[in-house]
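Residue-level listing of the chains:
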Amino acid sequence: MAKLVVEVLDANDLMPKDGHGSASPFVEVEFDGQRKRTSTKPKNLNPSWNEKLVFNIKNPKDLSTQTIEVFVYNDNKHGHHKNFLGKVRISGMSVPSSEEEAMVQRYPLDKRGIFSHVKGDVALKVHALHGDAYGFQSTEPVEEVCNVDNEFDDRYYYKGSNERNKKKKKERELRTFYSVGANYGGGSPPPPVFVEGRSDFNKAGPVSSSTTVMQMQAPSQKPEYGVVETRPPLAARMGYWGRDKTASTYDLVEPMNFLYIRVVKAMDLPVMDVSGSLDPYVEVKVGNYKGVTKHFEKNQNPVWNKIFAFSKERLQSSLIEITVKDKDISKDDFVGKITFDVNEVPQRVPPDSPLAPQWYKLLDKKGGLLKQGDIMLAVWMGTQADEAFPDAWHSDAHSISQQSLNSTRSKVYFSPKLYYLRAHVIAAQDLVPADESRPPDAIVRVELGNQGLTTRPSPMKTINPEWNEELMYVAWEPFDEYIVVSVEDKGKVIGRVLIPLRNVPQRIETAKLPDAKWYPLQSPSWAEDQIEMKKDKFASRVLIRLSIDAGYHVLDESTQFSSDLQPSANQLRKAPVGILEVGILSARNLQPMKAKDGKLTDAYCVAKYGNKWVRTRTLLDNLHPTWNEQYTWEVFDPYTVITIGVFDNCHINGDAKDQRIGKVRIRLSTLETDRVYTHSYPLLVLTPSGLKKNGELHLAIRFTCTAWANMITQYGKPLLPKMHYVQPIHIKHVDLLRHQAMNIVAAKLARAEPPLRTEIVEYMLDVDYHMFSLRRSKANFHRMMSLVSGVQYVCTWFEGICQWKNPITTILVHMLFLILICYPELILPTIFIYLFVIGLWNYRVRPRNPPHMDARLSQAENANSDELDEEFDTFPTSRQTDTVKMRYDRLRTVAGRVQSVTADVAMQGERILAVLSWRDPRATAIFIIFSLLWAVFLYVTPFQIVALLIGLYVLRHPRFRYKLPPIPVNFFKRLPSRSDSLL
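Basis of the calculations
Residues numbered from 1 in each chain as written. Predicted model: local features only at pLDDT ≥ 70, side-chain atom pairs only at ≥ 80, totals over all residues. Heavy atoms only, no water. Helix = DSSP H or I, 4+ residues; strand = E, 2+ residues; numbered from the N terminus. Buried < 20%, exposed > 50% of the residue type's maximum accessible area, 1.4 Å probe, protein only. Contact = heavy atoms within 4.5 Å. Areas by Shrake-Rupley, 256 points an atom, 1.4 Å probe, with all protein chains shown as cover. Pairing = 2+ DSSP bridges. Axes fitted to C-alpha atoms, helices over the stretch in contact; angles between N-to-C directions. Expected span 1.5 Å × (residues − 1). Salt bridge = Lys/Arg side-chain N within 4 Å of Asp/Glu carboxyl O. Parallel < 35°, antiparallel > 145°, perpendicular 65-115°, else oblique. Nonpolar A, V, L, I, M, F, W, Y, C, P; charged D, E, K, R; others polar. UniProt positions renumbered as here; feature names shortened; annotations may be inferred. 1 Å grid on protein atoms, 1.4 Å probe; cavity = no way out; pocket = protein on both sides within 12 Å on 5 of 7 lines; lining within 4 Å. Points joined across faces, edges and corners; volume = space filled by probe spheres on them. Phe/Tyr/Trp six-rings, centres within 6.5 Å; stacked < 30°, edge-to-face > 60°. Left-handed = near helix turned anticlockwise from the far one by under 90°.

This paragraph deals with the overall build of the protein chain. Secondary structure summary: the protein chain contains 18 helices and 38 strands in total. With 983 residues in all, the protein chain has 45% of them scored as buried. Residue pairs in contact within the protein chain that sit at least 24 positions apart in sequence constitute 70% of those at least 6 positions apart. For the protein chain, the exposed area adds up to about 53400 Å²; of that, 56% sits on carbon and sulfur atoms.

The antiparallel open sheet is built from four strands, whose spatial order is E24-E23-E26-E27. Pairing within the sheet leaves two strands with one partner each, and these edge strands are strand E24 (451-454) and strand E27 (492-500). Each neighbouring strand pair of the sheet contributes to a mean axis angle of 20 degrees, computed without reference to strand direction. Sheet topology places strand E23 (residues 442-448) next to strand E26 (residues 482-489); seven bridges connect them, and they run antiparallel. The residue bridging Leu448 from the neighbouring strand is Ile483, located in E26.

Another aspect to go through is helix H9 (residues 731-749). An α-helical turn contains 3.6 residues, so a residue and the one three or four places further along point in the same direction. The end-to-end C-alpha distance of H9 is 28 Å, a good match for the 27 Å that 19 residues give at a rise of 1.5 Å each. Residues of H9 that are buried: His733, Leu737, Arg738, Gln740, Ala741, Met742, Ile744, Val745, Ala746 and Leu749. Where the residues of H9 are buried, they touch strand E21 (411-414), strand E22 (418-429), E24, strand E25 (466-476), strand E33 (612-615) and helix H10 (758-765).

What follows deals with the side chain of Ser311. Among the secondary structure elements, Ser311 is positioned in strand E15 (residues 303-311). Owing to a relative accessible area of 15%, Ser311 belongs among the buried residues under this scheme. Once you skip the residues sitting within four places of it in the chain, Ser311 turns out to touch Asn257, Phe258 and Ser395.

Charged atoms that come close allow side chains of opposite charge to pair. Taken as a whole and judged by the stated rule, the model has 47 salt bridges. Among the salt bridges present, the one from Asp386 reaches Arg348, with a minimum N-O distance of 2.6 Å. Here Arg348 lies in the loop between strand E17 (333-341) and strand E18 (358-363) and Asp386 lies in the loop between strand E19 (369-382) and strand E20 (393-394), a separation of 38 residues in the sequence. The burial state of Asp386 is the same as that of Arg348; both residues are buried. With a shortest N-O distance of 2.9 Å, Glu581 and Arg702 are connected by a salt bridge. Here Glu581 is found in strand E31 (residues 578-588), whereas its partner Arg702 is found in strand E38 (residues 690-705), with 121 residues between them in sequence. Residue Glu581 shares its accessibility class with Arg702, and that shared class is buried. Here the residues in one salt-bridge network are Asp866, Asp869, Glu870, Asp873, Arg879, Arg887 and Arg890, joined through shared partners.

So, about unusual backbone geometry. Keep in mind that most residues, glycine aside, have a negative phi and that most peptide bonds are trans. Note that the residue after Glu753, namely Pro754, is joined by a cis bond; omega there is 0 degrees. Assignment of secondary structure puts Pro754 in the loop between H9 and H10. The omega torsion of the bond from Phe875 to Pro876 falls at 0 degrees, within 30 degrees of zero and hence cis. Positionally, Pro876 belongs in the loop between helix H14 (865-871) and helix H15 (881-913). Positioned with a positive phi, Lys43 is a non-glycine residue whose angle comes to about 50 degrees. Residue classification places Lys43 among the exposed positions, given a relative accessible area of 54%. With a phi close to 55 degrees, Asn305 is a non-glycine residue in the positive phi region.

With their axes 8 Å apart at the nearest point, helix H11 (residues 774-802) and helix H12 (residues 807-822) run at an angle of 95 degrees to one another. Classified by the angle their axes make, H11 and H12 are roughly perpendicular. Between H11 and H12, the contacting residues are Trp797, Gly800 and Ile801 on the first element and Thr809, Thr810 and Val813 on the second. Of the residues contributing to the contact of H11 with H12, the split by class is three nonpolar, three polar and no charged.

Let us look at the UniProt feature "transmembrane region" (unreviewed entry) in the protein chain. According to UniProt, the positions carrying the feature "transmembrane region" (unreviewed entry) are residues 811-843 and 926-955. The distance separating the terminal C-alpha atoms of residues 811-843 is 30 Å; by composition the span is 85% helix and 0% strand.

The buried fraction of strand E32 (residues 603-609) amounts to seven of the seven residues, a majority that puts the element mostly inside the structure. Side chains Ala603, Cys605, Ala607 and Tyr609 of E32 all project onto a buried face; the interleaved residues Tyr604, Val606 and Lys608 project onto the opposite face, where all are buried too. In terms of strand pairing, E32 meets strand E35 (residues 641-648) through six bridges, oriented antiparallel. When the bridges of E35 are listed, Val606 appears paired with Gly645. Of the strand pairs in this sheet, E32 and E33 are connected by four bridges, and their pairing is antiparallel. Residue pairing across strands places Ala607 opposite Val614, the latter belonging to E33. In this antiparallel pair of consecutive strands, E32 and E33, the connection spans two residues, and Gly610 shows a positive phi of 65 degrees.

The subject of this paragraph is empty space enclosed by the protein. Here the structure, examined in full by the defined rule, presents four cavities of 30 Å³ or more. Size it by volume and the largest cavity reaches roughly 70 Å³. Lining the largest cavity are Phe389, Pro390, Ala392, His394, Asp396, Ala397, Leu405, Thr408, Arg409, Ser410, Arg617 and Thr618. Residue composition of the lining of the largest cavity, by class: five nonpolar, four polar and three charged.

Let's shift gears to the packing of aromatic side chains. The final tally for this structure, using the stated rule, is 19 aromatic pairs. On the numbers, 6.5 Å between centres and 75 degrees between planes, the contact of Tyr609 with Trp633 is edge-to-face. Of this pair, Tyr609 sits in strand E32 while Trp633 sits in strand E34 (residues 626-635), placing them 24 residues apart in sequence. A single burial state applies to Tyr609 and to Trp633, both of which are buried. Where Trp934 meets Phe937, the ring centres are 5.6 Å apart and the plane angle is 90 degrees; that geometry is what we call edge-to-face.

With respect to topology, four strands assemble into an open sheet ordered E4-E1-E8-E7, the strand pairing being antiparallel. Single-partner strands in this sheet number two, and they are strand E4 (48-56) and strand E7 (105-108). Adjacent strand axes in the sheet meet at a mean angle of 30 degrees when their direction is disregarded. Across four bridges, E7 lies against strand E8 (residues 121-129) in antiparallel orientation.

One can describe the packing of H12 onto helix H17 (residues 943-954) by two numbers: an axis separation of 10 Å at closest approach and a directional angle of 165 degrees. Comparing the axis directions of H12 and H17 gives the class roughly antiparallel. Two packed elements cross with a definite hand, and for H12 against H17 that hand is right-handed. Along its contact with H12, which presents His814, Phe817, Leu818, Ile821 and Cys822, the element H17 presents Gln944, Ala947, Leu948, Gly951 and Leu952. Taken together, the residues of the contact of H12 with H17 break down into seven nonpolar, three polar and no charged.

Okay, here's the thing in structure tokens:
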């Protein structure tokens, strides 16, 4: 019989539970109804067991669907009572099949509920053995003991299941989330996340194929690439009775308590140096954490206005020491101090007003009052909802410099407001050619910032050329730029004019263009020789129609993932239809992005929706960061996408580009209103070496509708503003304008502080999405084939009816056909009632998780190395000639298949046109005579009789069928096409 071996090695930093600052821990393991435990290690918070627990595996094939539960308890009162110290749940999918493949992994202990106090981790080594196992220590089943201390934890975690037997009944309905974590240093992966299964899924049973005709089925992917529902203890999920009554509107994140200390200023500080000067600064110390303000030179009344934030979970002392010191070359002098007790610090809950700072007298080293010297402080306990949180100095970033600290703070950014600039170059007059011996061959170049476009050469080689060509640009507020119009002759500028962008008229929502204007050109020689310019009577001018089109929406991201569809003009924008709230909770199992430098990952998140970008704070050197930050957006159209990316901050101790960890895209129209979605999303990144999972991102999302009528009517309105349809932008401009808009947004956000750098903006906006990719082409082909498969299924089903494979079904179809023939007015109502019933039936199995990037659908799992190398190649290519030749030949092969399919489609269409073209005179004569006979027959015969005869002929029994093709098919295939006219 196969065996499962769980080797319990040791545990670290366990929570004291015996009331004396210690604990007597033991480990209890449950698997497939079997329960075994280790020995008890008395009075030890870092115990070491090194014991093997062996379990029987009844069916090795079911191991991947089973779970291993590991509990750590404190043995109290000699085994008759136990206190919960933490738990670990391991998916059977991760169990290696041999001891050689097994590795020691450290699992952080997980809470059982919001009221559980847990810390530390446990080291386990798990593997399976096939056959009999000898030499293992025999263990006895664990004696059932009661747990009174954690009864409330059980009741909370299992949502009202107060009895253990109810928990065991629900274990078969649990869905398991498994991910392969980074086994690096101290950043070991946490336990898998388990959530309760949906009872309505289980009651529904298997879905028959006949009910899924109207439902698209996506191919399955690996479990670690899927989205998993979670149940974090959020106030929005627990309702009124479960939530904290002091909770604020930040109900989509878990509250994180911080000790805030605001150092405002000091007054009348004593002089410490012999010279009579004082260079004061403040040092704030709580346990081992220490923060300092900047120092001021020769100032006895400094103003700092600095806020420090210390995480309450990491406080190592209950004493707050605030010391004023004098900056000195050798050793800083002590000026004065003041101390506070953490237990006496007041609690502040938003939306309370900020705590007013107060003056405090400074004390000397012995605790006595100084003769002079006061400091203004404010000390309070708050959460991440406090307005001081984003700009505060955080204790988890105490080891970095002040300059690097700015790049770790959470910020909100707004993209610049973009407009389309239309420049219609019409003509020019009285041009002065660069070479007087020939007429000018003029072109016009129009530049706006870094955007520059030129017209084609004028067909009129005179001094009064005409172009009549339209150029388009992307402009941005404020309109401080100049439009530079240059007329060039054979590469030499013969005239130039600068037009302020703010003087260009705006066109809101009208097809009428503004009038064109003549702009006088200046000679380019004025800067070189002003005397010659005075002698020259330069009267050249250019006719241009300029307009800022504010009725369009400037596309700065891919149309498929657009997060904003509003026009640029404020007066055309509609009222919001809802509110989107996103809680960025945490990330798990991140890969060590700085492993080469001996560090882990400095992770932060960026979320983009509309013109609002948000950035969370950076958590340093952490593979399992917890942010718990909540943000809100106004929603104007549900058919939009929010993008959330995770990055590794590489600007803390260097200036390298931030590395991509992964991103999540969620379409708002797929979310139910007023429902809180808490899911763990895999962070998948496609690299030249293949698909890579860099961890999981835990989010809480809620879409609230504030105007139901407006949101329903949105489904009947066009996606883009009216001007996109009244005067559409030419297709040759669309991609170029999108690229220009992306560059403008990236340049503007890179100038913020802290900057949102170019690599971040490009990744969030999918700059390279429109580049060629053989992998993406395959994915789109499979998407198209999946749609065709639905039609193919209907044809197969109908063929089975015609072949009488199921006589009962065929008879029922005959009866339905006869009823519809007798009562033709029931045809359309029958179709629509069928659609209604199918939609109502599919409601039982509707998707409950938000859609996410599908690795199987994207063909990312099957892509070979050469396809990925081609996808990540630069444009133009930078690969060797042999590689380019091979890829070109491969592309020719694929194009040849597409060419064959296109030729077949064209051939069928040409045959249809050849029926009446007399290209084949005999075929056309047969067809027109047959048409005349059918016209007479249909005139004298009721249509119901004709339809009945045709239907009975199509549904005839196989005994009356022939294996040869029918006559109409043979006639159609004999019709001529133009394929024989091709060279």
